[in-house]
Amino acid sequence: MDPECARLLPALCAVLADPRQPVADDTCLEKLLDWFKAVTEAGSSLLLLQENPCLVELLFHVLKPQDLSSRILSFALRLAGTFAAQENCFQYLQGELLPGLFGEHGPLGAAAWAAPTVRSGWIQGLRSLAQHPSALLFLADSGAVDTIFSLQGDPSLFVASAAGQLLVHVLDLAMRGPAKGHGRLQAQDWPACAQRIVCHLEDCLCSEAAPRVTQALHVLTTAFGHCHGLWTQGLWVQLSPLVARLLEKDPMPAPHALVELLLSVARSSVPSSNPGLWETAAQTLSRLSPMQAGPLAAGILKLQDCPQALRTQAFGVLLRPLACVLEATAQAPGTPGLLEGAAGDPMAVDMLPPSKSACVGLLCSTLAHLELLQPLPQRPSPWPQAPLLAAAVTILRFCNGSAAPSSEVGGRLCAMLVGCVRVQRAALDFLGVLSQGLGPRELVTQVFAVLLEYLMSPDSSPTVLKKAFQATLRWLLSSAVPPGCCDLEPRAQLVLRELLAVLQKRLCSPCWEVRDSGLEFLTQMTRRWGGQAGFRQTLLASEVPKLASQLLQDPESYVRASAVAAAGQLSSQGLLAAPSSPEHPAGPQKTPLEELLLVLTTDSEGFPRRAAMRVFTEWLRDGHMAVAEDRERFMARVLQAASGDLDWEVRVQGLELALIFLQQLLGARSPGAAPPGALAQALRALCRVQLFEFAFRSLFDCDRPVAQKSCDLLLFLRAKAAPSSSPQEAGDSPDVAPVEAALQRWRAGEQGQPLGELAPEAVLAVLRSMDLEALRDTLAESSDHVERSPQSLLQDVLAAVGVLGDNEADCY
Amino acid sequence: MKLYCLSGHPTLPCNVLKFKSTTIMLDCGLDMTSTLNFLPLPLVQSPRLSNLPGWSLKDGNVFLDKELKECSGHVFVDSVPEFCLPETELIDLSTVDVILISNYHCMMALPYITEHTGFTGTVYATEPTVQIGRLLMEELVNFIERVPKAQSASLWKNKDIQRLLPSPLKDAVEVSTWRRCYTMQEVNSALSKIQLVGYSQKIELFGAVQVTPLSSGYALGSSNWIIQSHYEKVSYVSGSSLLTTHPQPMDQASLKNSDVLILTGLTQIPTANPDGMVGEFCSNLALTVRNGGNVLVPCYPSGVIYDLLECLYQYIDSAGLSSIPFYFISPVANSSLEFSQIFAEWLCHNKQTKVYLPEPPFPHAELIQTNKLKHYPSIHGDFSNDFRQPCVVFTGHPSLRFGDVVHFMELWGKSSLNTVIFTEPDFSYLEALAPYQPLAMKCIYCPIDTRLNFIQVSKLLKEVQPLHVVCPEQYTQPPPAQSHRVDLMVDCQPPAMSYRRAEVLALPFKRRYEKIEIMPELADSLVPMEIKPGISLATVSAVLHTKDNKHVLQPPPRPAQPTGGKKRKRASDDIPDCKVLKPLLSGSIPVDQFVQTLEKHGFSDIKVEDTAKGHIVLLQEAETLIQIEEDSTHIICDDDEVLRVRLRDLVLKFLQKF
């Protein structure tokens, strides 16, 4: 602890101990605890207490019956726990203080116990303290374990949950000691404390009260999830019969907690020595309702090692709802079934829940599980791609009312799913993920057909449309032949024509979200296939490019931003027709560059301007024709607009653009300095486009990312202009005074000052004279680094109270 | 209580309800789909239409070729269009006491009923319904009268000939009853019989029933009706909407506790969501205009057009269409646009508040002010001077058989740049387009029907919980084209009763009570006796006086003093013989205690048998049988009157007398 803090500490302790001086801010106490934790982790707690007796005095003070706030009491409990984590310090405090704080005669028996924050502080204090064998003895002697048991059922969920975790921690601590060197212990050899806890858990598991069973299951889930000692295997041997007995109950108590426990055990080291677990899991899978079994099945399938039979069963459980959907439409006999050979048991089509919300929930969660499973290496193999595709398509058809159900169940399903946006979204996401695999030709045709139905349907909600666009893009990407090739296959080419017709209509939608996702889709398609002849032909034959550029004037800023991106992309590929609106059919036509510059300089919203900057950056990087014609003029115009922009992201983008320009002039790849001739030429160009004024000004920008970016830019430039190549050496020293004066004023906040003409030599001289590294380091610090020091914290607490004191004095 | 179903069209209903002693006609819808069988009436001579070939029978017989013309494989009647009227034979319409109109679309058959059936009653409707209904009728008459057609085809209606015709003429129903359009004189006469009502106004019909219009949320002034007596309530739901459009929201709460709910006028396109359709409408409109094409919107002069104009008002600027002219052409265009602005009290809350700003409730006023929307009575006159393309034209009639729309179909049909957008759901767009085929113009079908869909109906029924639901048969099964969509039908318990055209339904509830007033002086004389806590009984002797369906109990006239010959005679006529009244009995006889009492009084050898209705107590010794049932007790003994009286007194001990 630094001396200044040590000096402030007694005053702090006095303030904390004084009930008349409440600490206004709760977070101060949390920060103090964090600080003490850091201090004790770095050195000896005992020494700390001996050097600062005020701390022990504070703890003793808390013991006295008085009107201390519950927050301070809770703080003291946690603080004492932090100190007592070290065994020697624990012994130092053990005599009177610890029993007083954590024992029956402490807050436990007092009125303060009614405050949840005190109970929580008590638990957390013990959690910190329980780090060594002496602590175990203390816990056993003070009767704390029983209190923890009762706190498991605390009305405050935070307290109850913390009590469960403390129990696991104590159990682990108790088992860790004797287990060392002995390997697995028999239950009768477990330490007394552990036996008590296990006994308690057994009682809970046998209880008729569901909340007690749930508590025990939560504790066990945490234990198997966080403790990795061999003893966990013994624990499972001991408790698994009780867990198995829970499965036989009807109704099964706490099914969700049970699933969590089984998955937690399955992920631990238990299964390696105890294959019986798999039987329990299999039994659970067959006993749970489809909705409850889903998470267990998905969890099992994500395991790395697990018996094949169980995986097959789990996959069967997961697939069953989809199999029911397929069954409900009685797919043509040729279609492969989903569960052929998977589960083996006869499938009950009416397993789908009768209520709409339950059925929708089941389908959505099934689709989400399968979606997560699909990309995993351990996903079930063979992966039933074709039936899954068929199921996704069928669900989507149920949702838009176009599926023809073949049974009464199908009719019911149709009535439940029709128009259900939730299922539509889940199924479209899943369909998109399935594009990673191939499918039979007819099915892929169906996929495109159903996607087109959704894109065309006036009833598709904006979010559904967005997902339909995304899924369509993924399927178009995957249907390239051969994979990875740019060309669209003939079928996709056909789809494309219809797609553009739909897109045309969607870009005219009165709903801005729809116009926006339509434009995004167009941008992505163009990025991917803009160079392909078939695509270009179809696109140019449609109204889409014209509509896209008309949307640059859209009233909604998000749409304008997307239109900027789309226009940028179309223009890059030479696909942008000159925009003309029916209002000004014969008006002067602007080039795309002019259009986007207009957006950058005049748009009132940030998003379109940022989008324009991104497009310009891309154009510069890719050597767009409009840029290449006169790169300096382009840079000058864009930088001028960006430097004056109110949006810091636009300014950062401007600096990014400048950096690319610089790299293009000086060569980004080659390390080290640029050749002197090239450098001089580049510097002159940079001066002409007024890059330096922008960069220097940005160094003092009130938005840190702008200053950082500018710093990086100037550092890059300085590295390129090595001292040897300095023009300064060639002749007289340049006049840097006006530049430095301007910098001074900017630093002082007078941003209005212009810099005027700059000579390249002066720039280099200024650049060398500046301590850019130091500036970069300062900027790298978070803005509150000064305020976060412990000393500042202590001063803050004292100052806050001091202010209170002043007021008190004023009153008299 | 009976319901006579005169129309089979679920959204253009015409039913007659006989309730208590009243005969109430519910709506008076006119099925205009019959006009689809006729050739369009062009405003300007159309060489294409006049040169269509006549139709001949398969055997080459051409006797019908003057009446029937063929166009692209369809056969049309070349005559003045005719309408399919409600049934007039099922019930004598001169006995109808009142007609309740629920909205302006459901009154189009009114002149046929009020002017040609001997109807002498009153018609009730709200003011906007009458005013806008008048506009619709005026437009209809105008459309048909301004293109006089000499020919009137009737040969094809002959049943033997009709059988030989191709579909759909062959299957047209009751063609012999189809009638030409009414005249303006008939319209005026019919409308003069209407009495205006306001929402929640209670109207007494002959003292027997009370009818009340409630806001139905579908159109300006549209109503549902409550028809109730003191103990029965019938709700008539016709053309209601829960969407937020321009009219006042629907009043659902007042429909609660109905014995019967007659449900008509649900959405005709249950699979199309109006919001999606409006989006579709705007997108297609913008797309066409941006490509330099014209947009034709066949529509009625009132209703959805207000909402469409409002959407366009918000949309045209964002879509860059502010320089595109919008034309609204109808003989009643001006009145319709202006009427909509003056019915503030009938509008939704949002629009009502605008009136106080003061601002016109509908934004089409601004469109007119800024010259973006222009309206004309017809294509002749000013319109031809102002006409500029590309443009958007709203005009009637949605059947495409008469009105200015016929002209635009002929004018724009040949270019694929143009688009016709169907927004009215009343006519099949394919049938409407049939006489214009082949057609290059694009056709978009976005029917906007804001009336209740089946999900909303099932929620409504759950909430208002009527005992019985009666609806057109079309609502009790999924649409024929989508037989798997079981969600597209009325789902309620007990299942809805369905009706079809020309059917008479006996509504499933019996009237059990009638309210009777007691005169104060008679009430004064009553002596109630409490037989159970909270329930008292009293005997009444009175004269029941019934007049105008009101029942009053009056004190019986006092026995007249014999004062004079003439008077005395009259008095004796009036006064019924007042016998000494036996006391009334109430209560029940507990068998066990009764047996104990019998034993106490010396009867022995008593046997009790249980029967379905009660008990039989056998006094074997006395050869007597006492039969105790819920509402009677019989003592059967052999001529032993003393024994009978003794037993009777024992029975009476258990009963209360008053």
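Residues numbered from 1 in each chain as written. Chains lettered and ligands numbered in written order. Predicted model: local features only at pLDDT ≥ 70, side-chain atom pairs only at ≥ 80, totals over all residues. Heavy atoms only, no water.

Under an unreviewed UniProt entry, the name given to chain B is Integrator complex subunit 9, and the organism recorded is Odocoileus virginianus. Within the UniProt record for chain B, the comment given under Sequence similarities (unreviewed entry) is "Belongs to the metallo-beta-lactamase superfamily. RNA-metabolizing metallo-beta-lactamase-like family. INTS9 subfamily." (UniProt positions renumbered as here; feature names shortened; annotations may be inferred.)

Under an unreviewed UniProt entry, the name given to chain A is BRCA1-associated ATM activator 1 isoform X5, and the source organism is Odocoileus virginianus. Heading Sequence similarities (unreviewed entry) of the UniProt record for chain A holds this comment: "Belongs to the BRAT1 family."

**Some remarks on the overall build of chain A**
When you go through chain A residue by residue, the secondary structure sums to 42 helices and zero strands. Taking all 812 residues of chain A together, the buried fraction comes to 53%. A sequence separation of at least 24 residues applies to 73% of the contacts in chain A between residues at least 6 apart. By element, 54% of the accessible surface of chain A is carried by carbon and sulfur atoms, the whole surface being about 35400 Å². (Helix = DSSP H or I, 4+ residues; strand = E, 2+ residues; numbered from the N terminus. Buried < 20%, exposed > 50% of the residue type's maximum accessible area, 1.4 Å probe, protein only. Contact = heavy atoms within 4.5 Å. Areas by Shrake-Rupley, 256 points an atom, 1.4 Å probe, with all protein chains shown as cover.)

**Concerning the overall build of chain B**
In terms of regular secondary structure, chain B is built from 18 helices and 35 strands. Against the compact-globule benchmark of 26 Å for 658 residues, chain B has a radius of gyration of 34 Å, which places it well outside the compact range. The dimensions of chain B, computed from C-alpha atoms along their principal axes, are 110 × 70 × 60 Å. Within the span of chain B, comprising 658 residues, buried residues form 51% of the whole. A separation threshold of at least 6 residues defines the contact pool for chain B, and within that pool the share at least 24 residues apart is 70%. Summed over its atoms, the accessible surface of chain B is roughly 30500 Å², and 51% of this surface lies on carbon and sulfur atoms. Charge-centre separation for chain B: the mean point of 58 positive side chains lies 2 Å from the mean point of 71 negative side chains. (Rg over C-alpha atoms; globule rule 2.2 N^0.38 Å. Lys, Arg positive; Asp, Glu negative; His and termini not counted. Charge placed at Lys NZ, Arg CZ, Asp CG, Glu CD.)

**Comments concerning the interface of chain A and chain B**
By a widely used convention, the size of an interface equals the accessible area lost when the partners come together. Between chain A and chain B, the contact holds 25 residues from the first and 25 residues from the second. A buried area of about 2000 Å², summed over both sides, lies between chain A and chain B, and 57% of it is on carbon and sulfur atoms. If you look at where chain A meets chain B, you find one salt bridge. In this structure, Glu280 of chain B engages Lys505 of chain A in a salt bridge whose closest nitrogen and oxygen atoms are separated by 2.6 Å. Applying the counting rule to chain A against chain B returns six residue pairs in polar contact (both at pLDDT 80 or more). (Buried area = accessible area lost by both parts, 1.4 Å probe. Salt bridge = Lys/Arg side-chain N within 4 Å of Asp/Glu carboxyl O. Polar contact = N/O pair within 3.5 Å; in protein donor to acceptor, adjacent residues only side chain to side chain.)

**Focus on the pairing of strand β5 (residues 74-77) of chain B**
Residue and element names in this part refer to chain B. Sheet topology places strand β4 (residues 68-71) next to β5; four bridges connect them, and they run antiparallel. Paired with Glu70 across the strands is Val75, a residue of β5. The antiparallel hairpin formed by β4 and β5 contains two residues in its connecting segment, where Ser72 sits at a positive phi of about 45°. (Pairing = 2+ DSSP bridges.)

**Brief notes about the sheet that holds strand β15 (residues 260-264) of chain B**
Residue and element names in this part refer to chain B. Here seven strands make up an open sheet; going across it, the order is β11-β12-β13-β14-β15-β22-β23 and the pairing mixed. Unpaired on one side and paired on the other, β11 (203-205) and β23 (497-499) mark the two borders of the sheet. Taken pair by pair, the neighbouring strands of this sheet meet at an average axis angle of 20°, ignoring direction. In terms of strand pairing, strand β13 (residues 223-228) meets strand β14 (residues 233-238) through four bridges, oriented antiparallel. Bridge pairing in β14 places Ile227 opposite Val234. (Axes fitted to C-alpha atoms, helices over the stretch in contact; angles between N-to-C directions.)

**Some points on the domain arrangement of chain B**
Residue and element names in this part refer to chain B. The domain architecture assigned to chain B consists of domain 1 (2-30 + 84-149 + 178-267 + 451-504), domain 2 (274-445) and domain 3 (585-657). Distance between the C-alpha centres of domain 1 and domain 2: 28 Å. On the side of domain 2, 31 residues touch domain 1, which itself brings 28 residues to the contact. Contact between domain 1 and domain 2 buries roughly 2400 Å² in total, counting both sides, with carbon and sulfur atoms accounting for 71%. When residues of domain 1 are sorted by the area they lose upon contact with domain 2, Leu135, Phe143 and His246 head the list and together hold 27% of the total. Counting across the interface, domain 1 meets domain 2 through two salt bridges. Arg146 is the partner of Asp404 in a salt bridge, and the nearest nitrogen-oxygen pair spans 2.9 Å. Counting across the domain 1 and domain 2 interface gives seven residue pairs in polar contact (both at pLDDT 80 or more). Across the side of domain 1 that touches domain 2, the residue classes tally to 14 nonpolar, nine polar and five charged. (Domains from an automatic or database assignment. Nonpolar A, V, L, I, M, F, W, Y, C, P; charged D, E, K, R; others polar.)

**Let's talk about the nonpolar core**
Grouped together as the largest cluster of nonpolar side chains are 398 residues, with contacts concentrated most on Met525, Phe616 and Phe696 of chain A together with Phe394 of chain B. Summarising the domain contributions, this core has at least three residues from each of domain 1 (2-30 + 84-149 + 178-267 + 451-504) and domain 2 (274-445) of chain B. In contact with Phe394 of chain B, other than residues within four places in its own chain, are Phe281, Val297, Cys299, Ile305, Leu308, Leu309, Leu312, Phe326, Tyr327, Phe328 and Ile329 of chain B. (Core = buried A, V, L, I, M, F, W, Y, C linked by side-chain atoms within 4.5 Å.)

**Re the UniProt feature "domain: Beta-Casp" (unreviewed entry) in chain B**
What UniProt calls "domain: Beta-Casp" (unreviewed entry) maps, in this numbering, to residues 305-433 of chain B. Counting secondary structure, residues 305-433 of chain B comes out at 43% helix and 12% strand; the distance between its end C-alpha atoms is 21 Å.

**Some words on the packing of helix α25 (residues 462-478) of chain A against helix α26 (residues 490-506) of chain A**
All names here are of chain A. Running from amino to carboxyl end, α25 crosses α26 at an angle of 155°, the nearest separation of the two axes being 12 Å. Taken as axis vectors, α25 and α26 run roughly antiparallel relative to one another. Of the two possible hands of crossing, α25 and α26 adopt the one that is left-handed. Here α25 contributes Leu465, Phe469, Thr472 and Leu476 to the contact with α26, which in turn contributes Ala492, Leu499, Leu503 and Arg506. (Parallel < 35°, antiparallel > 145°, perpendicular 65-115°, else oblique. Left-handed = near helix turned anticlockwise from the far one by under 90°.)

**Some details on the environment of Thr222 of chain A**
Residues and elements named next belong to chain A. One can find Thr222 in helix α13 (residues 210-226). A C-alpha to C-alpha distance of 18 Å links Thr222 and Ser128, two positions 94 residues apart in sequence. Excluding residues within four positions of it along the chain, Thr222 makes contact with Gln165, Val168 and Cys227.

**Topic: a negative patch on the surface**
A cluster of acidic residues, Glu623, Asp638, Asp639 and Asp640 of chain B, forms a negative patch on the protein surface. As for its placement among the helices and strands, Asp639 of chain B is situated in the loop between β34 (633-636) and α18 (641-653). (Patch = residues over 30% accessible without salt bridge, like charges linked within 9 Å, V, L, I, M, F, W, Y side chains within 5 Å.)

**A word on the packing of aromatic side chains**
Residue and element names in this part refer to chain B. Applying the stated criterion across every chain yields a total of 34 aromatic pairs over all chains. Here the aromatic rings of Tyr231 and Tyr513 are separated by 5.6 Å at their centres, their planes lie at 50°, and the arrangement is tilted. One end of the pair, Tyr231, is in the loop between β13 and β14; the other, Tyr513, is in the loop between β24 (503-506) and β25 (516-518), and 282 residues separate them in sequence. In this structure Tyr513 comes out as exposed when scored by relative accessible area, which is 52%. Against the face of Phe362 rests Lys351, its NZ or CZ located 4.9 Å from the ring centre. (Phe/Tyr/Trp six-rings, centres within 6.5 Å; stacked < 30°, edge-to-face > 60°. Lys NZ or Arg CZ within 6 Å of the ring centre and 35° of its normal.)

**Let's talk about the environment of Ala76 of chain A**
All names here are of chain A. Among the structural elements, Ala76 can be located in helix α5 (residues 70-83). Taking the C-alpha atoms as reference points, Ala76 and Val62, separated by 14 residues in sequence, lie 7.2 Å from one another. With residues up to four places along the chain from it excluded, the contact list for Ala76 reads Leu59 and Val62.

**Examining the packing of helix α6 (residues 87-94) of chain A against helix α9 (residues 133-142) of chain A**
All names here are of chain A. Contact pair α6 / α9: the axes reach a minimum separation of 9 Å and the direction vectors enclose 35°. Here α6 contributes Glu87, Phe90 and Gln91 to the contact with α9, which in turn contributes Pro133, Ser134, Ala135 and Phe138. In terms of residue class, the contact of α6 with α9 is made up of four nonpolar, two polar and one charged.

**Here's the deal with the environment of Leu772 of chain A**
Residue and element names in this part refer to chain A. Note that Leu772 resides in helix α41 (residues 772-780). Look at Leu772 and you get buried, because its relative accessible area is 1%. Leu772 sits 57 residues away from Leu715 along the chain, and the two C-alpha atoms are 6.9 Å apart. The contact partners of Leu772, leaving out residues within four places of it in the chain, are Leu699, Cys711, Leu714, Leu715, Arg718 and Leu767.

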